[in-house]
Structures are given as C-alpha cells and as structure tokens.
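Topology and contacts: notes
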Amino acid sequence: MASSSGMSGEVPDEINVGLMGLGVVGTGVAAYILGKASSLAAATGRNVNLKKVLVRDITRARDIDLPSGLLTTNAEDILADAEIHIVVEVIGGTDPVENHLKQALAAGKHIVTANKEVMAKSGPELLALARKNGANILFEASVGGGIPIVGCLMNELAANDIRSIRSIINGTTNYILTRMANERTSFDQALSEAQGLGYAEADPINDIEGIDAAYKLTILASLAYRQPFQSADVYCEGISRLEPQDFRYAQELGYAIKSLAIANLDDGAVQLRVYPALVPSEHMLAKVDGVYNAVEVDGSLCGQVLFHGMGAGSEPTTSAVVGDLIEVVRKMGSQSRSSGSQEWAGPGNGAALTVRPIGDLQARYYIRLDVADNPGVLAQIAQVLGDGEISIAAVLQRDTDAEAGSAEIVITTHPAKGASMQDALQIMAGLSQVRRVSNVIRIEE
Ligand SMILES: NC(=O)c1ccc[n+]([C@@H]2O[C@H](COP(=O)([O-])OP(=O)(O)OC[C@H]3O[C@@H](n4cnc5c(N)ncnc54)[C@H](OP(=O)(O)O)[C@@H]3O)[C@@H](O)[C@H]2O)c1
C-alpha cells in the first residue's frame, strides 16, 4: 500500500474513512458510504470504505444497520489508526471535537466537517495546521446545509470583490417567523411548534438569539473578505421581542420580517450583523419561508446571485458532506493547497479590514410605540426624532384603546445612524406620553 496520508505521494486505491458522530447527519453519511459505494468509486476513482464510527453511547438504538465492529466510543480508534485517511466529523460543538480535529490533522489525516461552531471559533488555526501537515479540511455543510455556498465563495466567486452577503441561514428562526407571519401566532407558540417538529432544540437559545447565524456569518465573511473574523465581531439581535402585531404592521407597510445575517463592505470597513429586519415583500429574501435558507451574494463581477435551498436535515447535509468527501479523495496526492486556507489566510493578502460598530450603521427604522391617546403626542415624538436629525417616512396609528386612553403608533424613518437612533429612543422612552417603546426593527431595502 502507498502512503496513507498527506496531500502528496502515491494514493492508495482503498481510502478509509473514520466517521465521528452518528446522529442526524452521521446516519445519512454512513448510509451513503455503505449504500452508494459504486457511485463513490465512480466519482473518485477509489474505493471509499467506512472503517470506524465514533459515538457517545454504543448501546443506543440506531436507524441504520452497520457491519459489526464499526462502532466505538474511543476516539483513538480513529485518530491513532494510520490506515484511516479521512476523518468526517459530524458531532458538533468544540469539546472534544477541536482536540480530535487537531490530532487528526497533526497525523496528516484529511478532514470533512459540518461544524460551524468549531470553524467559526478555530477555523484559521485548523486551516493553518492542515496546511502545515499537507492535509485538507473542507466544511461545506457548516453553512446552509445542502446549499453550496462555502465552495462557491472559495472557488466560483473568487474573482469578485464581494460587496455584500445577505442571508437567511437559520432554518429554526425562519420557521418561527413564517408561522408568526402567516398564522399570527405568538413567538412562544411558534417556538413550541418548532420544537414539536424537531426544528428547534430543547434549548433553542443559539438559534433564537442569532448565535448560530453569527457562527455561519463569521465563516462566510472570512471567506468573502479573505481574513479571519471572530463571531464576537458580529452584532447580534434575536427574534424573541417580535409580537404578532409587528407582522401585521409590516405587512400593511409592504414588508415581511426576516432574521437576516448580513456582511457588507462600507468605505473600507466590514459590517457584520444578525438581526430581524423588515424586507420589502417583493424581494426574494421575503419569499424564503419555513425551514428554507437563502444566501444573496453581491459581487463586483457576478452582480447579485441568489442561493436557495434546504439549510438543514439529514439528506441535504449529507449532500454537502459527501460532496466534500469526494473532493478530498480527488485531491489526495495532488499538491493543491488546502481549500479555504488561502481565503482565511489573513491580512497577508492585503490591508486588514476593520469591523465597523453597529452604532455607525445607517439604516431605516420601524418603531412601534405605546402612547397616551392625547393630542400633541406625535408632535413630541417628531421633535425628538428631528433633534436627532432623523426624518420620518411614514406614520400609522392603530389599536386605540379608549378605556385605557392609549394608542399604538408605528413610525418608519429615513436612513439614520444607529447611535443617533439609540439616543432618540432613550429620550422618547422618557417622555411622559410614551408608555412603552414596544419594538424597534431595522428596514433592509
Ligand atoms: N442536523 C442538521 O440538519 C445539520 C445541518 C448542518 C450542519 N449540522 C452540523 O452537523 C453536526 C452534527 O449534527 P447532528 O444534527 O447530526 O447532531 P446529532 O444528531 O446530535 O448527533 C451527534 C452525534 O455525535 C455523537 N457524539 C456527541 N458527543 C460525542 C462525544 N463527546 N464523543 C463521541 N460522539 C459524540 C452522538 O453520539 P450518540 O449517537 O451516541 O448520542 C451522535 O451520534 C453539528 O456540527 C451540526 O451543527 C447539522
């Protein structure tokens, strides 16, 4: 047998895979490797074998029949096996995964991972380690499930200066927002439906607070702007403040509400943010419903390109993982550089871009206020906005409660700087006639 690992040298005819994780994604990947051996052989010119599968609990009932002896709870059965050439990691999280990946790369094994968290937190380090050891690490499934956006940013769109990426990359929040828009359900009700259907986890915090989307945006922005960003660079707002009437008013004004993950270049700086936003109803992102994902890339040469598809689930994610596996096998023995390492190499490629704080962002705003139903209230609010040089685009007054003497006012503004808006909101909240600033949502045109 020829060399068992590394990018150069002879490539063996039998390629052995160690699979880490046999959950939603791992089961799909294992089923593919075992059931579609001839397709894999046709695509790669090699036999690709499943040699070991790492799980946490070996006694658990599985949805797949594996040949005996494949399952293990000992990571060393994969990491210390010199005959395993490729590690496919579909466990998730950073502990113990990060150490496993580093150990595998140090041994010259190639890696395919679906793990956005480990890539967002340690991508540059892992890519550097891969490069040092002549190994490849591919991570298409880490963003957008079955949507091929990672590879496209690294390869097909590499000639472009990326002006912006606007995306819906968390299926759980998009499902919740779609239910709230279509059925006018409360946030809590839509969340519990999502949990009942298996779209949201028991602890949904990472999804609803935008943390999962921030990990994914970190990866997309690092590839698009060819420098390592941190997820702490991403300004994050969750969706739990949204109420059914926000969807009603948004619709009346001609908008849908979507949780967007956005990266854009603005005057030599990058702005990275995840937040719920009003999107014009006729825009394509407004029509992305349920658990679907979409990514719109605006490039200097390609213009606007839209990717749309299933962002999660066993089969779409298997499509991305096995696609990477095929690419890794095809590249074995060649001198080609580890995919992603160039993109993520850092400011060596040019001057480092700074990250612009959210307070500097110019945006239009939707503001919903609960006010006393008295004459002159609107004039007071307009004065506060005017003092902050924020001009009003439209005003809706609805839901007057004669008994309580209150009314609900919705104001949309022309573009204003985030910091000026924060100051104005603080002053507004202190006005005696304003009972509550109920919600503030940015408008993306
Ligand atoms: N699910 C999706 O649709 C989707 C889409 C895109 C990306 N991803 C990413 O793919 C990865 C896997 O997701 P998943 O949904 O397949 O997760 P999952 O269903 O929870 O499966 C996780 C698997 O990892 C194993 N595991 C967990 N901790 C372990 C440990 N310490 N040592 C050994 N094995 C361990 C579990 O073993 P047991 O089976 O014994 O419990 C299980 O087989 C994550 O990074 C996720 O973000 C998932």
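Thresholds, definitions, all that
Residues numbered from 1 in each chain as written. Predicted model: local features only at pLDDT ≥ 70, side-chain atom pairs only at ≥ 80, totals over all residues. Heavy atoms only, no water. Near = heavy atom within 4 Å. Polar contact = N/O pair within 3.5 Å; in protein donor to acceptor, adjacent residues only side chain to side chain. Areas by Shrake-Rupley, 256 points an atom, 1.4 Å probe, with all protein chains shown as cover. Nonpolar A, V, L, I, M, F, W, Y, C, P; charged D, E, K, R; others polar. Pairing = 2+ DSSP bridges. Helix = DSSP H or I, 4+ residues; strand = E, 2+ residues; numbered from the N terminus. Contact = heavy atoms within 4.5 Å. Axes fitted to C-alpha atoms, helices over the stretch in contact; angles between N-to-C directions. Domains from an automatic or database assignment. Buried area = accessible area lost by both parts, 1.4 Å probe. Salt bridge = Lys/Arg side-chain N within 4 Å of Asp/Glu carboxyl O. Parallel < 35°, antiparallel > 145°, perpendicular 65-115°, else oblique. Left-handed = near helix turned anticlockwise from the far one by under 90°. Bend = angle between axes of the 7 residues up to and from the residue. Buried < 20%, exposed > 50% of the residue type's maximum accessible area, 1.4 Å probe, protein only. Core = buried A, V, L, I, M, F, W, Y, C linked by side-chain atoms within 4.5 Å.

Our focus in this paragraph is the site of the ligand. Taken together, 22 residues form the shell around the ligand, and within it L22, V25, D57, R62 and G313 come nearest. One nitrogen or oxygen atom from the main chain of G23 is found 3.1 Å from an oxygen atom belonging to the ligand. With respect to the ligand, the backbone of D57 contributes an N or O atom lying 2.8 Å from an oxygen atom. Protein coverage of the free-state accessible area of the ligand, which is 900 Å², stands at 79%. A breakdown of the residues in the shell around the ligand according to their chemical character gives 11 nonpolar, six polar and five charged.

This brings us to the sheet that holds strand β6 (residues 137–138). Here six strands make up an open sheet; going across it, the order is β3-β2-β1-β4-β5-β6 and the pairing parallel. Pairing within the sheet leaves two strands with one partner each, and these edge strands are β3 (71–72) and β6. Strand direction decides the pairing type here: strand β1 (residues 14–20) and strand β4 (residues 86–89), joined by four bridges, are parallel. Bridging across to β4, G18 finds its partner in V87. Here helix α12 (residues 314–331) sits on the sheet in contact with β1, β2 (47–54), β4, β5 (110–113) and β6, set at roughly 165° to β5.

Turning next to the domain arrangement of the protein. When the domains of the protein are assigned, the result is domain 1 (14–145 + 315–347), domain 2 (154–308) and domain 3 (359–443). Both sides together, the interface formed by domain 2 and domain 3 hides about 1,600 Å², and carbon and sulfur atoms give 49% of it. Looking only at domain 2, the three residues that lose the most surface to domain 3 are Y249, L253 and L278, adding up to 34% of its buried area. The interface formed by domain 2 and domain 3 holds five salt bridges in total. Ionic pairing is found between D246 and R368, a salt bridge with its closest N-O pair at 2.7 Å. The interface formed by domain 2 and domain 3 includes 12 residue pairs in polar contact (both at pLDDT 80 or more).

As a further point, take the packing of helix α4 (residues 97–106) against helix α5 (residues 116–132). Contact geometry for α4 and α5: axes closest at 10 Å, N-to-C directions at 15°. Relative to α5, the element α4 lies roughly parallel. Along this stretch, α4 crosses α5, giving a crossing that reads as right-handed. Mapping the contact onto sequence places E98, L101, K102 and L105 in α4 and V118, S122, E125, L126, L129 and A130 in α5. Broken down by class, the residue content of the contact of α4 with α5 amounts to six nonpolar, one polar and three charged.

For an α-helix, 3.6 residues make a turn, and residues three or four places apart therefore share a direction. Where α5 bends most, the angle comes to about 85°, and this point is S122, followed within four residues by the proline P124. Among the residues of α5, E117, V118, M119, A120, S122, G123, L126, L127 and A130 are the ones counted as buried. With a side-chain oxygen lying 3.1 Å from the backbone nitrogen of E117, the N-terminal cap of α5 falls on N115. Just downstream of α5, G134 is the residue with a positive phi angle, here 65°.

Where helix α1 (residues 24–35) meets helix α2 (residues 37–44), the axes come as close as 5 Å, and the angle between the chain directions of the two elements is 80°. As far as their axial angle goes, α2 and α1 are roughly perpendicular. Contact residues: Y32, I33, L34 and G35 in α1; A37, S39 and L40 in α2. When its residues are assigned to classes, the contact of α1 with α2 shows five nonpolar, two polar and no charged.

Of all hydrophobic cores here, the largest spans 52 residues; its most connected members are I149 and L153. Two domains each put at least three residues into this core: domain 1 (14–145 + 315–347) and domain 2 (154–308). Discounting residues that sit within four places of it in the chain, L153 has contacts with A158, I162, I165, L220, L223, A224 and V297. Core analysis: the next-biggest nonpolar cluster, separate from the first, contains 33 residues, Y275, L285, I367 and M428 among them.

A separate point is the pattern of salt bridges. One pass over the full model with this rule turns up 24 salt bridges. E125 is the salt-bridge partner of K102, the closest N and O atoms lying 2.9 Å from each other. Here E125 lies in helix α5 and K102 lies in helix α4, a separation of 23 residues in the sequence. What makes E125 partly exposed here is its relative accessible area of 44%. Between R166 and E296 there is a salt bridge; the shortest N-O distance is 3.2 Å. A residue pair is termed long-range when its members are at least 10 positions apart, and R166 in strand β7 (residues 162–168) and E296 in strand β11 (residues 292–299) qualify at 130 residues. Across this residue pair, the class does not change: R166 and E296 are buried. Several salt bridges converge on common partners, so that one network encompasses E243, D246, R368, E408 and R436.

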